[in-house]
Amino acid sequence: MAIEENEFINNRLEKLSAIKEMGLDAYPPQTPDRLPIETLRAAGETENIMATSGRVMAKRKHGKTVFCDITDPTGRIQLFINKKNLSEESWDLLGNLDLGDIIWVSGNQFVTRTGELSVRVSLLLLLAKAVRPMPVVKTDADGEVHDAVSDPDFVYRHRCIDLMLNEESKNRFIARSKIISAMRNYLDTDDFLEVETPVLQQIYGGAAADPFVSFYNSMDEDCYLRIATELYLKRLVTGGMHRVYEIGKDFRNEGVDRTHSPEFTQLELYEAWTDYNGMMKRFEDIVQVAAKAANVGPVVKFGEFDIDLTPPFQRIPFVPTLHEKSGEDLFDWDTEKLTALAAKLGLGDEIKDRPTLLDKLFDHYVTPSLIQPSFVVDYPVELSPLAKQKTDDPRITERFEAFIAGLELANSFSEQNDPVYQRQVLETQALLSKIRKGVVDQEFLYALEVGMPPTGGLGIGVDRLVMVLTDARSIRDTILFPHLRQGQ
RNA sequence: GGGCCGCUAGCUCAGUUGGCAGAGCAUCUGACUUUUAAUCAGAGGGUCGGGGGUUCGAUACCCCCGCGGCUCACCA
């Protein structure tokens, strides 16, 4: 397929030809020595000849003088290009330069009449010709940005343009990278081992979500993209990897919205000899190091909210809080009564089971108020098949979910390690499965039968954490290449 | 999957109660040797998301489809 044709691209392709006719390589294989733009800025006015390179972001022609702004990841600097300082070849080349081109320049630096530090260019080279025009965004004297590229569809499909032009977006992805790096560093420093478990699985589990299904030709069998790493990581705890974690993609074949992506990044960690209380501390720690890495906190702005990330986070016990907010002892109600209430509240008229109803009602009565960092603790047992029951009340479990800004950021249990109990729960649950009815992960149960030490487990939605720390309104703004329909 | 909103030049957006398609930036030509949202003079640039219908005439009204956004549902 040839390059799309339009006036702008054709015009640039003609310039490209002209450059080639000058005997120049528009895409030379080497970059001559260069310094980052910030180094030139720091050097200030100087007679020394320095060289840098970057993308042409602005061009202001004044007859025999041309001002260009070029950028690299470290900053922006103005070029003062005057015909008398240049070879004829460089001057001719300048005539064929466009916004978006990548160039190399050298010269000394001086301050113009208007006070702008500028490179007095004496040598100009082309490093890469841009044949497609990029959107032009201008910032005025008041710092007001004009014509910003804001169409979400455009931005998601052409992330290279978004990163190039939208400071907020670029900074968000830099923050994301630093956040993940900081989480790794925190865990590695505390003797956690990072591992990789299968993405392509024959038996998926560890969460209640529909998987993406694929087919393994040479094995002649269906396989699944993982929905969680949980069941593999716990086998490693049994094996003696007592502090273990994985950061990776999970895939859930479910609806997409502001806080759900079919492909999302989760940190799961497991730690022996502790329980969900230990995991609360881990979560608080991780939020601290992540905020520091993102250069925010202790108070972060998220939309209309100011969120104070200072630990400890408040504990919200599931059942008592549900009772308090609803004014009824809902936990003691039967399914019929709960269904009637849910219907009355407009929470859907489909017949639901008791645990789902309780969860829905909790979402209705309590979740909206969980703006400041909160641990919802002690979930009903039916909602938590992989968690241990509390010793004093088997109807509830040692489980928490962490909420910030109303977003569910983490899920954690004191991991169930009773193999008999676990088998019974998983087998019951597997009978309800839509896709692989009755299939349970025998190897996971085998590991529990061998004996897993008491363990705390924690899963953190990394994309959502990035949302909170970078004030992103959609999870898609935290994912470089979010899934979009292809169209025609 | 449902509801609502949107799709107009490379980008950001106007617009037409149905009558020759608009602006700014960008591009091209010319002027300009310290500008910075450079300026000035001129020019080019459109399948008005796609298809069908109604109409003398549709970018606009109706239907179908595509893509996106918001929202509801689903997602322990």
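As the structure is a prediction and not an experimental result, all values here were calculated from the model.

Basis of the calculations
- Residues numbered from 1 in each chain as written.
- Chains lettered and ligands numbered in written order.
- Predicted model: local features only at pLDDT ≥ 70, side-chain atom pairs only at ≥ 80, totals over all residues.
- Heavy atoms only, no water.
- Near = heavy atom within 4 Å.
- Polar contact = N/O pair within 3.5 Å; in protein donor to acceptor, adjacent residues only side chain to side chain.
- Helix = DSSP H or I, 4+ residues; strand = E, 2+ residues; numbered from the N terminus.
- Nonpolar A, V, L, I, M, F, W, Y, C, P; charged D, E, K, R; others polar.
- Pairing = 2+ DSSP bridges.
- Domains from an automatic or database assignment.
- Phe/Tyr/Trp six-rings, centres within 6.5 Å; stacked < 30°, edge-to-face > 60°.
- Buried < 20%, exposed > 50% of the residue type's maximum accessible area, 1.4 Å probe, protein only.
- Lys NZ or Arg CZ within 6 Å of the ring centre and 35° of its normal.
- Salt bridge = Lys/Arg side-chain N within 4 Å of Asp/Glu carboxyl O.
- Core = buried A, V, L, I, M, F, W, Y, C linked by side-chain atoms within 4.5 Å.
- Contact = heavy atoms within 4.5 Å.
- Expected span 1.5 Å × (residues − 1).
- Arc of directions from axis to C-beta.
- Axes fitted to C-alpha atoms, helices over the stretch in contact; angles between N-to-C directions.
- Parallel < 35°, antiparallel > 145°, perpendicular 65-115°, else oblique.
- Left-handed = near helix turned anticlockwise from the far one by under 90°.

### Section: the protein's contact with RNA strand B
- The full set close to RNA strand B counts 56 residues, and Asn 82, Arg 113, Thr 114, His 260 and Arg 476 are the nearest of them.
- For RNA strand B, the fraction of atoms within 4 Å of the protein that belong to sugar or phosphate moieties is 56%.
- Lys 61 is positioned with one of its backbone polar atoms (N or O) 2.6 Å from a base nitrogen of RNA strand B.
- Note that a base nitrogen of RNA strand B is positioned 3.3 Å from one of the side-chain N or O atoms of Asp 147.
- Breaking the surface near RNA strand B down by element, the ones donating at least two residues are helix H1 (7-21), strand S1 (46-62), strand S2 (65-72), strand S3 (75-82), strand S6 (138-139), helix H4 (152-157), helix H11 (354-365) and strand S20 (399-404).
- Of the residues forming the surface near RNA strand B, the biggest block, 5 residues, is contributed by H4.
- Looking at the surface near RNA strand B residue by residue, the class counts come to 17 nonpolar, 16 polar and 23 charged.

### Focus on the sheet that holds strand S10 (residues 213-216)
- Judged by pairing direction, the sheet is antiparallel, and its 3 strands sit side by side in the order S9-S11-S10 without closing on themselves. Every other strand in the sheet has two partners, leaving strand S9 (200-201) and S10 as the edge strands with one partner each.
- The pairing of S10 with strand S11 (residues 221-225) spans 4 bridges and is antiparallel. Bridged to Ser 214 within S11 is Cys 223.

### Looking at the domain arrangement of chain A
- Split by domain assignment, chain A resolves into domain 1 (7-128) and domain 2 (167-313 + 372-478).
- In this structure, domain 1 and domain 2 have C-alpha centres spaced 49 Å apart.

### Description of the packing of aromatic side chains
- Scanning all chains against the criterion turns up 9 aromatic pairs.
- Geometrically, the ring pair formed by Tyr 204 and Tyr 224 is tilted, given 5.0 Å between the ring centres and 55° between the ring planes. Taken together, the residues Tyr 204 in the loop between S9 and S10 and Tyr 224 in strand S11 connect sequence positions 20 residues apart. Side by side, Tyr 204 and Tyr 224 carry an identical accessibility label, which is buried.
- Taken together, a centroid distance of 6.1 Å and an interplanar angle of 75° make the contact between Phe 283 and Phe 313 edge-to-face. Placement of Phe 283 in helix H8 (residues 276-293) and of Phe 313 in the loop between strand S15 (305-308) and strand S16 (314-317) is noted, with a sequence separation of 30 residues between them.
- You can call Phe 283 buried: its relative accessible area is 0%.
- It is Arg 235 that lies over the ring of Tyr 232; its NZ or CZ is 4.2 Å from the centre.
- The ring of Phe 331 carries the charged tip of Arg 354 above its face, separated from the ring centre by 5.2 Å.

### Thoughts on the pattern of salt bridges
- Counted by the stated rule, this structure contains 32 salt bridges.
- Linking Glu 271 and Arg 282 is a salt bridge whose minimum nitrogen-to-oxygen distance equals 2.8 Å. One end of the pair, Glu 271, is in strand S13 (residues 263-272); the other, Arg 282, is in helix H8, with 11 residues separating them in the sequence. With respect to class, Glu 271 is no different from Arg 282; both count as buried.

### Here's the deal with the nonpolar core
- Ranked by internal contacts, the top residues of the largest apolar core, which has 46 residues, are Leu 267 and Phe 283.
- Examining the composition of this core, we find that 8 residues originate from one element, H8, more than from any other.

### Observations concerning helix H9 (residues 318-326)
- Buried residues of H9: Phe 318, Val 319, Thr 321, Leu 322, His 323 and Ser 326, and no others.
- Among the structural elements, S16, H11, strand S17 (374-377) and strand S19 (393-397) are those in contact with the buried residues of H9.
- Note on H9: the residue one or two positions beyond its end, Gly 327, has a positive phi of about 75°.

### Let's talk about helix H12 (residues 419-430)
- In a regular helix each residue adds 1.5 Å, so 12 residues correspond to 16 Å; H12 covers 16 Å between its end C-alpha atoms and thus fits that length.
- Within the sequence span of H12, burial applies to Tyr 421, Gln 422, Val 425, Leu 426 and Ala 430. End-on view of H12: buried residues confined to an arc of 155°, all on one side of the axis.
- Summarising the contacts, the buried residues of H12 are in contact with strand S18 (389-390) and helix H13 (442-450).
- With a side-chain oxygen lying 3.0 Å from the backbone nitrogen of Val 420, the N-terminal cap of H12 falls on Asp 418.

### Section: the packing of helix H6 (residues 167-189) against helix H14 (residues 462-470)
- One way to put it is that H6 packs onto H14 with a least axis distance of 10 Å and a crossing angle of 125°. Taken together, H6 and H14 sit at an angle that is classed as oblique. Relative to H14, H6 is oriented so that their crossing is right-handed. Counted together, Arg 172, Ala 175, Arg 176, Ile 179, Ile 180 and Met 183 of H6 and Val 462, Asp 463, Leu 465, Val 466, Leu 469 and Thr 470 of H14 form the full contact between these two elements.

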